Structure formats: C-alpha cells, structure tokens
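# Structural overview for review
Spelled out, the chains give:
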Amino acid sequence: MNLRKHKLLQTWRWYGPIDPVTLQDVKQAGATGIVSALHHIPHGEIWPLADIEDRKAIIEASGLHWAVVESVPVHEAIKTRRSDADKYIENYKITLRNLAQCGIKTVCYNFMPVLDWTRTQLDLTMADGSKALYFNWLELAVFDLFILKREGADADYTEDIKSRAKTRFATMDTDELNELKVNVLMGIPNEKEIELEALRASIDEYKTIGREGLKNNLAYFLNKIAAVCEETGINMTIHPDDPPYAILGLPRIVSTKDDLLDILKRVDRPFNGICFCTGSLGAGASNNLSEIFDAVKERVYFLHLRNVTKDEAGNFYEADHLGGDVNMYEIMKAVVAENELREEPIPFRPDHGHQMLDDLNKVTNPGYSAIGRLRGLAELRGLELGISGNY
Ligand code: DNO
C-alpha cells in the first residue's frame, strides 16, 4: 500500500464577514482551509452561484481556501417528508451543483429534528476562569416542563429530576428563565431562531414520524441527491446528533455506531459520508469513539475534534481539546493512519473552544471565540505531528 506522508488539512469555521473573528486571525491561528456557509440564505432556498463566488473570493483574497461547507441546511420539509419535500430537494441539488462548480466538494449537514446542537448554559466557568458550553439535564427538564410545557414531557424524566426541576424553577427569576430559553433555542449566528410555538408544532409532527420514519426520510433524501453528488464529486458528511440521545421527545438517528453504520448501509455509495465529531459522539455514555471511528473511517471525510467531560447523570461540559473523556491521542493515532491512505488529506477543525484570555471581554459566538480554538488547533496539530513524525 502506498502511504502518503501528508498532514491533515487544518481548517477553521468562519461565519463569513459578520464573524468577529477575521480571516487574518484564522491565518495567525495556522489554519489554511476555511469551513463556511451562506447563513444569510433562508433554509431551503437555492444558494446562488454569484453568492458562493463572492464568499469564495473573500476567502481567497486573504490567502485561504474554502475547503468545506458547513452546513447546507436540510429543510424541515425534507426531514419530515412533507408534500413539498421534493421541491426542497431539487433546490438542494442546485445548490450542490453551484458549490461543485466553485470547486467546493465537501458538504456537512445534519438530520437533527428542528434544533441543531443543544446546550443549557453557554458560560460555565472552568477552574482556570475560562468559560465552556454545558448541557445539564435538570436545566433541560426545567425548560421542557415549565417553559415549553411539552405534552408528555412528564413521562420522560425520573421523579427525582422532576421534583428537583420544580424546586429549581421556583427559584429562577424571569431573566434566568429567559436565558435558559434562549440557550436551548440558540441556533447558528445570522440564522432564524425557532419560536416556542413552532417547536411545539414540530415536536407533534415528529411524534408520528418516529425514528424509523426519520431514517427513511434520510435515505430518501440521500438517494435523491446521489446522482448529483456522484456526477460532481461531492462528498456529503452527516454530523452526529448533539447531544447523541433523544431530547424533548424528538427522534434521533445519528447518535451511535449502529446509527452511523445503518446510514452508510442504507445508501451504500461512497458519496454518503460522515463528519466524525468527537464532541457530539463523545457525550454518549456508551459510545466508544475509537471503535466507532474504526467502523466507519473509510467514509469519514471531515473531522470535528473536540472533547467533553461527562458526569454520571449524563450532564457534560466541553473540556479542553486534550482533556476530557475522549482519548484524543488514540483518536489522532487512528486518524493519522487513515489519512496516510488517502489521496487528499482529511480536513479537521478544532471544534469549539473555551472563551478565554482577551476573548472574555468580547462579544463572541458561543463556542467559536478565537483564542480557545487557537489553543485547540495548536494542541491538535502538535499531537498530530508527534504521532506522525511528518515534520
Ligand atoms: C456546532 C456545530 C453544528 C454543526 C451542524 C452541522 O457547533 O457542530 O452546528 O455545524 O450540526 O450541520
């Protein structure tokens, strides 16, 4: 076998010109690839070629290149396979063609119902004074039972959590409740926020779809876009559920090794790939990350490297990239070995980072401040170099 001694492609998520982190900052952090998306385009609409070209030109003007799109969002009509799903799939296909025409061929997306990643707190103070994102079941129960007031929520929590949530709720003032609501509903910067009413309606809609229905809808979508992907050379990478278990009564289908294998098997074609997110998968108590990577590695076309520390109740906070429960050394060893088999280096990005140092005094996008990610990237590239010896 011909092993390639190339390094992984170091990338950085950039929210576009609205991002408080500049492209020059990214260069100083040492990344060469950009991960970006056209967040100003409403979900489901076609990304015009001209807009993609504009974004690409801005990125290239600073000496970087647009390596991955994260995400081309999948419209809810597709996830739920409403009667107008095909119209949105057609739009998606045109967007893919436009991206391919600009040379962007790795696309990340997710199939999480309604909400993208979910946290209950965005500024948990760490022992060193930096701030991290946090997911806490008790807070989620307060949101679910007393803010969302979801029908059937009662059955989803233990008596202990319910009674603690009741006590906790009684001590929270309007500002605290509002903050919890905003945190749970938080979306992607510059994209439309979801309202409580819409969330309730979606939860009802997904009740009838269930896990099996959602799996079928994903396979339907992938089969429909397969020809375009194969013709243009686009690789699709599905992002795992974050967190990787059911919340708010919504079905989850991208949470475990079996889920990922099922997705790859149902549409067994090379374009159907995975974004291996160590933070999302790492939050699942029974997920063994090395085992999962080994099972799916040939179809991993993009990596999010991040770490989490879990407790027994299933709460977790985002830890330092080389701290936490994910053994990043083991993962990196496996990733380096896989990368050497590839024609093109696998792109990875330091996913999230603590808000730290000077960033503590700035307005930053939760998880996406500059310095914490810079630290993560530096540690990860050092780890890679130490393992590969590819100086
Ligand atoms: C959170 C990210 C997710 C991810 C999408 C992919 O920080 O990992 O928002 O971009 O789920 O579609």
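What you see is a predicted model; the values in this text were computed from it and never measured. (Residues numbered from 1 in each chain as written. Predicted model: local features only at pLDDT ≥ 70, side-chain atom pairs only at ≥ 80, totals over all residues. Heavy atoms only, no water.)

### Looking at the overall build of the protein chain
- Tallying secondary structure elements over the protein chain gives 13 helices and twelve strands in all.
- Scaling as 2.2 N^0.38, a compact globule of 391 residues should have a C-alpha radius of gyration of about 21 Å, and the protein chain matches this with 20 Å.
- Dimensions of the protein chain, computed from C-alpha atoms along their principal axes, come out at roughly 60 × 50 × 40 Å.
- Looking at the 391 residues of the protein chain, the share that counts as buried comes to 58%.
- The contacts in the protein chain between residues at least 6 apart in sequence include a share of 72% that link residues at least 24 apart.
- By element, 50% of the accessible surface of the protein chain is carried by carbon and sulfur atoms, the whole surface being about 16,400 Å². (Helix = DSSP H or I, 4+ residues; strand = E, 2+ residues; numbered from the N terminus. Rg over C-alpha atoms; globule rule 2.2 N^0.38 Å. Buried < 20%, exposed > 50% of the residue type's maximum accessible area, 1.4 Å probe, protein only. Contact = heavy atoms within 4.5 Å. Areas by Shrake-Rupley, 256 points an atom, 1.4 Å probe, with all protein chains shown as cover.)

### Looking at helix H5 (residues 137-148)
- Buried residues dominate H5, accounting for eleven of its twelve residues.
- Each element contacted by the buried residues of H5 is listed here: strand E6 (131-135), helix H6 (159-171), helix H7 (174-185) and helix H8 (196-232).
- Note on H5: the residue one or two positions beyond its end, Lys149, has a positive phi of about 50°.

### Quick look at the site of the ligand
- Residues in close proximity to the ligand total 15 residues, the closest being Glu70, Ser71, Asp116, His352 and Tyr368.
- Residue Glu70 places a side-chain N or O atom 2.4 Å away from an oxygen atom belonging to the ligand.
- Take His239: an N or O atom from its side chain is 3.2 Å from an oxygen atom of the ligand.
- Contact with the protein chains removes 100% of the 330 Å² of surface that the ligand exposes when unbound.
- Among the elements that line the shell around the ligand, the one with the most residues is strand E4 (residues 106-110), at three residues.
- Grouping the amino acids of the shell around the ligand by side-chain chemistry returns six nonpolar, five polar and four charged. (Near = heavy atom within 4 Å. Polar contact = N/O pair within 3.5 Å; in protein donor to acceptor, adjacent residues only side chain to side chain. Nonpolar A, V, L, I, M, F, W, Y, C, P; charged D, E, K, R; others polar.)

### Thoughts on a negative patch on the surface
- Where like charges cluster on the molecular surface, the negative patch consists of Asp123, Asp173, Asp175, Glu176 and Glu179.
- Among the elements that line the negative patch, the one with the most residues is H7, at three residues.
- Relative to the helices and strands, Asp123 resides in strand E5 (residues 121-125).
- Owing to a relative accessible area of 32%, Asp123 belongs among the partly exposed residues under this scheme. (Patch = residues over 30% accessible without salt bridge, like charges linked within 9 Å, V, L, I, M, F, W, Y side chains within 5 Å. Salt bridge = Lys/Arg side-chain N within 4 Å of Asp/Glu carboxyl O. Lys, Arg positive; Asp, Glu negative; His and termini not counted. Charge placed at Lys NZ, Arg CZ, Asp CG, Glu CD.)

### A look at the pattern of salt bridges
- Tallied over the entire structure, the rule returns 38 salt bridges.
- Residue Arg13 is joined to Glu70 by a salt bridge in which the shortest nitrogen-to-oxygen separation is 3.6 Å. Here Glu70 lies in strand E3 (residues 65-70) and Arg13 lies in strand E1 (residues 9-13), a separation of 57 residues in the sequence. Across the pair, exposure class does not vary: Arg13 and Glu70 are buried alike.
- As a salt-bridge pair, Lys215 and Asp262 come within 3.3 Å of each other at their nearest N and O atoms. Of this pair, Lys215 sits in helix H8 while Asp262 sits in helix H9 (residues 257-266), and the two are 47 residues apart along the sequence.
- When salt bridges that share partners are traced, they join Arg13, Glu70, Arg119, Asp242, Arg306, Glu318, Arg349 and Asp351 into one network.

### Brief notes about the sheet that holds strand E12 (residues 347-350)
- The eight strands lie next to each other as E1-E2-E3-E4-E7-E8-E9-E12, forming a closed barrel whose pairing is parallel. In this sheet, adjacent strand axes meet at a mean angle of 30° when their direction is disregarded.
- Inspection of the sheet shows strand E2 (residues 33-36) paired to E3 by four bridges, in the parallel sense. When the sheet's bridge partners are listed, Ser36 is paired in E3 with Val69.
- Strands strand E8 (272-277) and strand E9 (300-305) of the sheet are contacted by helix H11 (residues 289-296), whose axis makes an angle of about 160° with E8. (Pairing = 2+ DSSP bridges. Axes fitted to C-alpha atoms, helices over the stretch in contact; angles between N-to-C directions.)

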